[in-house]
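Per-entry structural report
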Amino acid sequence: MKMSASSKFITLKDFLLELRLYKTGVLGLAILIIYVLIAIFAPFIAPANPNETELADSYAFPEWFSIFPEYRNLPRNVFIRVGYKDWSIKSMDEGISVNGESDIVMIVVQCKDEVAVKSVTLEYEFDYNYDPPKRFSGKIPFEVTIYNALGSYARIKCFIITPKRRVYELYDSMSIAYNLSRFETPASYDARDIYLKLKLGFSPHDDLGEKILNEKGTYKLRLVVSVLAVKGGGRIEVKLGVKEFRVYGRLYGVLGTDNLGCDIFSNLVYGTRVSLLVGVLASIISVSVGLVIGIIAGYKGGVIDQILMYFTDTLLFTPILPLIIAVSVFIGKSLYLEIALIALFSWMGFARNTRAYVMSIRDSMYVESAKAVGASDMYVIFRHILPQLTPIIYITLVMRVPGAILLEATLSFLNLGDPSVPSWGRMLYSARYAGAFFRFMWWWIIPPGLAITFLALAFVMLGHALDEILNPKLRVRR
Amino acid sequence: MSTGGGGLLRYMGKRAIDRAAVVISSLTLQFLLLRVLPYYVLGIDPSFFFLNPNLTEEQKEIIRRQFGLDEPLLSQFVKYVLSLLTGQLGFSFYTRRPVYVELMERLPNTVLLLGTSTVLTIILGLIIGIIAVSKRGTRFDASVIGSSIFISAFPLFYVGLLLLLTFGFYLKWFPIAGSVSRPPPRDPVRYVADLLWHMALPLTALLITSVGGFALFIRNLFLTQLGEDYVVTARAKGLTEREVMLKHVLRNVLAPVITILALEFPGIISGAVITETVFSWYGVGRWLFDAAMQFDYPVVQAVLFIQVVLTVVSLYIADIVIAILDPRVRLR
């Protein structure tokens, strides 16, 4: 069982020259290079951070769906930021002053001899020309400071006015009679808030977006700041930061969004990294372990061989997937534990092969001659055995990767992967459990699986080509 | 003849000891990974997962003692091995019912699904593989090789999901979950029909992922034999290709085929975990997965034990069958 390919030393250039003759090998290498490039340049290819939620409405359709008439008018993301220069002052009572520093609106009321309520109304107009959205939300950063005027208060309200002049109150701060800063944690409202729905007289099951933003035209955001000033020489200041208003789009990105509003395409791009990492690392570890154990068992023979093979058989007969599932549930979810487990349970076959090869080489005449002239064990292993194993090491390294990739995907699909790492298996897990099937969101379900398949296929094709190049026995046979 | 029989018996005895030793060491490995490692690395004790935190320490201690969790790990291990080997599988932490009873509820479903798929895989794989090797070099052969390599790159769960999406959710031809309708039909004929209807998609998923690889394996195995002298002789006798394949080559490649089938057994059962989880099939694989998720140690350990025993027994049977078929093996 001598491997005749071992005698020829192959450089990378020789190898590539020979690989050219194998169409599948070239194809496999090409696909692999594309995947590696995607993995390396993921931050530049992916339009968003894969773990960032609420990029658009949940379950948004891909943006290119707008070529179909029924999706053309679905809402896109609308994101409005209203600073000092954008507001127009609609009405203002005497004794109230409105100034601005960059984006911040500064409203000051100087206390006089009488108790008085002063208010100012700010308005901002925007056009909305899509179908009604499901969800919108807004943020109002503000700060109330009361100087030397105990008993005074400020109150901030936010309204939206539809083109048909219906007025909805979205936010009411109630009376604030103390110093309060909400710049860091802005006051906010959300169309998903059940209390807001009830306050506006809708059922908890209604989508406020559909009820309120149900016409095309010019909407107005109105902010009313009213201040009660007590008698005396005090002063009340209300600072308004940049008010945000956003409509969550139902058309987003290349592949839409998932149940949390994460960008599916970005997850797909970043998933390349974990698959490649797990596949390559697990394959390297498992081949190294198998090589060491196979060489020791085959070269030493005797009791050591029997113990090592007994250990190998034990692992070989242990049901791998159920045990990995149990261990990763009991110990915890981590990427490196996953890699270690996959490697731990996949070196046995290679160890047995290596052992058989090493045994046949060990008993050959030239090894005996080398020993007769005083070669050490290490010399024989590194000089005579390892070089003969190189082709099979290369082939196994490549052929082990698809198995590891598929196993990683399976574990992630069972939600046993690292939850902080975007992976194709986990995308399919969330697709399954977040209702992508009921909504028939094929753009969420099909791409991750195809990505897994083509990556695995690239390694398989490359492996077969390697097999034919490095293993001349096969060439004769076919 | 008598010496031959004695050789077989001695071989069987030696093999039985080897295999039993593997069962014990596999149990040790499982105990190390599932109990000792979590306990010493993370300080997790199984009682942590099922004890009501509102109980007093005394009550907790009583329950721990009931499950034998207060003893040192080594004596727990000895008890665990002994009780498993005597067939006592213990009580589920979660349902508090005997593991054996729960197992028996689910086993028929798994055996039905995987038994059918295994038998069909063997039959279809043999047929396709032999046809491919008889027509080697033709377009059929190339397409068998190509499609089996292509399909081998598909994860099983993804094939299942695609089948569910197409035939379950979109076309609505097949049910999307479960192993029988609720309520189950009374009429036996309709019950069987209902079961088959539920089995169609999981069975297809299993077949798609396993037939191609097995056919390719058969094809390559036959290919190694075609240059042998006995094949040349058989052809020279004027036998048809079909007779050469089925009467001469098949008998000679049977040993590796049987071994690979026996070795596929754990793969088939781990396939059950995926298939049963994807299709919500009421069987042992999904039970194991759910039990692991609920930290139900007795169930997990019992199912793993049963799988090891099944694997080892099937390999043992394979050994014996090979030894009967090929007397040379016994002498090794």
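Worth saying up front: this structure is predicted, and the values here are computed from it rather than measured. Counting restarts for each chain: residues are numbered from 1 in the order of the written sequence. The order in which chains are written sets their letters, starting at A; the order in which ligands are written sets their numbers, starting at 1. A pLDDT threshold of at least 70 governs which residues receive local features in this predicted model, and a stricter bar of 80 or more applies before side-chain atom pairs are shown or counted, although totals over entire chains, interfaces and linings include all residues.

Digging into the overall build of chain B
- Counting its regular elements, chain B contains 12 helices and 0 strands.
- Secondary structure elements are defined from DSSP: runs of H or I of at least 4 residues count as helices, runs of E of at least 2 residues count as strands, and each element is numbered from the N terminus. In chain B, the succession of α and β elements from N to C terminus is α-α-α-α-α-α-α-α-α-α-α-α.
- C-alpha extents for chain B along the principal axes are approximately 85 × 60 × 40 Å.
- Taken across its 332 residues, chain B has 33% of its residues classed as buried. Working definition of burial: number of other C-beta atoms within 10 Å of the residue's own, with buried at 20 or more, exposed at 12 or fewer, and partly exposed in between, all C-beta atoms being placed from the backbone.

Observations concerning helix H14 (residues 424-433) of chain A
- Within H14(A), 8 of the 10 residues are buried, which leaves the element mostly enclosed by the surrounding structure.
- Any pair of residues counts as being in contact when their C-beta atoms, constructed from backbone geometry, are within 7 Å of one another. Buried-residue contacts for H14(A) involve helix H7 (264-300), helix H13 (377-413) and helix H15 (442-470) of chain A together with helix H7 (156-170) of chain B.

Description of the packing of helix H9 (residues 320-331) of chain A against helix H12 (residues 297-325) of chain B
- Note on geometry: axes are C-alpha line fits, over the in-contact stretch for helices, and angles between N-to-C directions span 0 to 180 degrees. Between H9(A) and H12(B), the least distance of the axes is 10 Å, while the angle of their chain directions is 160°. Classified by the interaxial angle, the pair formed by H9(A) and H12(B) is roughly antiparallel. When you trace H9(A) past H12(B), the crossing you get is left-handed. Every residue of H12(B) that contacts H9(A) at A:Pro322, A:Leu323 and A:Ala326 is listed here: B:Val300, B:Val303, B:Leu304 and B:Gln307.
- When its residues are assigned to classes, the contact of H9(A) with H12(B) shows 6 nonpolar, 1 polar and no charged. Our angle categories are set so that under 35 degrees counts as roughly parallel, over 145 as roughly antiparallel, 65 to 115 as roughly perpendicular, and the remainder as oblique. Should the near helix be turned counterclockwise from the far one by less than a right angle, the crossing is left-handed, whereas a clockwise turn marks it as right-handed. The nonpolar class holds Ala, Val, Leu, Ile, Met, Phe, Trp, Tyr, Cys and Pro. Asp, Glu, Lys and Arg form the charged class, and all remaining residues, Gly among them, are polar.

Here's the deal with the confidence of the model for chain A
Residue and element names in this part refer to chain A.
- Of the residues in chain A, 96% reach a pLDDT of 70 or more, and the chain-wide mean stands at 88.
- Across residues 1-9, where pLDDT falls below 50, the model places 13 contacts with residues more than four positions away in sequence or in other chains.
- Residue range residues 474-478 is modelled with pLDDT below 50. Its contacts to residues more than four positions away, or to other chains, number 4 contacts. The predictor's confidence in any single residue is recorded as pLDDT, a number from 0 to 100.

Quick word on the sheet that holds strand E11 (residues 187-190) of chain A
Residue and element names in this part refer to chain A.
- Note on pairing: two strands pair once DSSP finds at least 2 bridges between them. Within the open sheet, the 4 strands sit side by side as E1-E14-E6-E11. Their pairing is antiparallel. Both edges of this open sheet fall to strand E1 (78-82) and E11, since each of them pairs with a single strand only. Each strand of the sheet is rotated relative to its neighbour by a mean of 10°, with strand direction disregarded.
- Pairing of strand E6 (residues 136-140) with E11 involves 4 bridges; the strand directions are antiparallel. Counterpart to Gly138 in the pairing with E11 is Tyr189.

Topic: the environment of A:Ile89
All names here are of chain A.
- The topology assignment puts Ile89 in strand E2 (residues 88-92).
- Separated by 355 residues in the primary sequence, Ile89 and Trp444 have C-alpha atoms spaced 46 Å apart.
- The contacts of Ile89, once residues within four sequence positions are left out, are Val98, Val120 and Leu122.

With respect to the confidence of the model for chain B
Residues and elements named next belong to chain B.
- Predicted confidence across chain B gives a mean pLDDT of 83, with 93% of residues reaching 70 or more.
- Here helix H2 (residues 47-50) is the element of chain B with the lowest mean pLDDT, 68, and H7 is the one with the highest, 90.
- For this predicted complex, the interface score ipTM comes out at 0.86, alongside a pTM of 0.86.

A word on the interface of chain A and chain B
- Of the residues lining the interface, 35 residues belong to chain A; the matching set on chain B comes to 43 residues.
- The set of elements that each furnish at least two residues to the side of chain A that touches chain B consists of helix H8 (302-317), H9, H13, H14 and H15 of chain A.
- The greatest single-element share of the side of chain A that touches chain B, amounting to 10 residues, is contributed by H9(A).
- Class assignment for the residues of the side of chain A that touches chain B results in 27 nonpolar, 5 polar and 3 charged.

Some details on the packing of H9(A) against helix H11 (residues 284-293) of chain B
- Where H9(A) contacts H11(B), the two axes come as close as 9 Å, and the packing angle between them is 15°. Comparing the axis directions of H9(A) and H11(B) gives the class roughly parallel. Where H9(A) crosses over H11(B), the two elements pack in a sense that is right-handed. Across from A:Pro322, A:Ile325, A:Ala326 and A:Val329 in H9(A), the residues of H11(B) making contact are B:Leu288, B:Phe289, B:Ala292 and B:Met293.
- Split into classes, the residues belonging to the contact of H9(A) with H11(B) amount to 8 nonpolar, no polar and no charged.

A closer look at the pairing of strand E4 (residues 104-110) of chain A
Residue and element names in this part refer to chain A.
- Residue alternation in E4 divides its side chains into a buried set, Val105, Ile107 and Val109, and an unburied set, Ile104, Met106, Val108 and Gln110.
- Where strand E3 (residues 96-101) and E4 come together, 6 bridges link them in antiparallel fashion. Residue pairing in the sheet places Val98 in a bridge with Ile107 of E4.
- What sits between the antiparallel neighbours E3 and E4 is a turn of 2 residues, in which Ser102 has the positive phi angle 45°.
- Bridge count for E4 against strand E13 (residues 235-240) is 6 bridges, and the pairing is antiparallel.

Brief notes about unusual backbone geometry
Residue and element names in this part refer to chain A.
- The phi torsion at Glu54 lies on the positive side, around 55°, for a residue other than glycine.
- Looking at where Glu54 falls in the secondary structure, it is placed in the loop between helix H3 (42-45) and helix H4 (69-72).
- Glu54 gets classed as partly exposed once you count the C-beta atoms within 10 Å, which come to 14.
- The phi dihedral of Met174 falls on the positive side, at around 60°, and the residue is not glycine.
- For Met174, a count of 9 C-beta atoms within 10 Å gives the class exposed.

Structural notes on the sheet that holds strand E10 (residues 180-181) of chain A
All names here are of chain A.
- Reading across from one edge, E3-E4-E13-E7-E10 is the order of the 5 strands in this open sheet, with antiparallel pairing throughout. Strands at the two margins of the open sheet, each flanked by one partner only, are E3 and E10.
- Here strand E7 (residues 142-147) pairs with E13 via 6 bridges, running antiparallel. Note that in E13 the partner of Tyr147 across the bridge is Arg235.

Observations concerning the environment of A:Asp103
Residue and element names in this part refer to chain A.
- Relative to the helices and strands, Asp103 resides in the loop between E3 and E4.
- A tally of 15 C-beta atoms within 10 Å means that Asp103 is categorised as partly exposed.
- Considering only alpha carbons, one finds Asp103 and Thr272, 169 residues apart in sequence, at a separation of 42 Å.
- Contacts of Asp103, omitting those with residues within four sequence positions, involve Gly83, Tyr84 and Val242.

Some remarks on the environment of B:Arg186
- Within the fold, B:Arg186 resides in the loop between H7 and helix H8 (188-225).
- The sequence separation of B:Arg186 and B:Ile145 amounts to 41 residues, and the corresponding C-alpha distance is 46 Å.

Structural notes on helix H9 (residues 229-236) of chain B
- Among the 8 residues that make up H9(B), 0 are buried, leaving the element largely open to the surroundings.
- Of the residues trailing H9(B), B:Gly238 is marked for its positive phi of about 90°.

Focus on the nonpolar core
- We define a nonpolar core as a collection of buried residues of the types Ala, Val, Leu, Ile, Met, Phe, Trp, Tyr and Cys that are connected via C-beta atoms lying within 7 Å of each other. Ranked by size, the top nonpolar core spans 128 residues in total, and within it A:Ile325 and B:Val300 carry the most contacts.
- Per-element accounting of this core gives the leading share, 16 residues, to H15(A).
- Setting aside its immediate chain neighbours within four residues, A:Ile325 contacts A:Leu414, A:Leu416, B:Val273, B:Phe289 and B:Ala292.
- If you look at the next biggest cluster of nonpolar residues, it comprises 48 residues, including A:Val144, A:Tyr153, A:Ile160 and A:Cys262.

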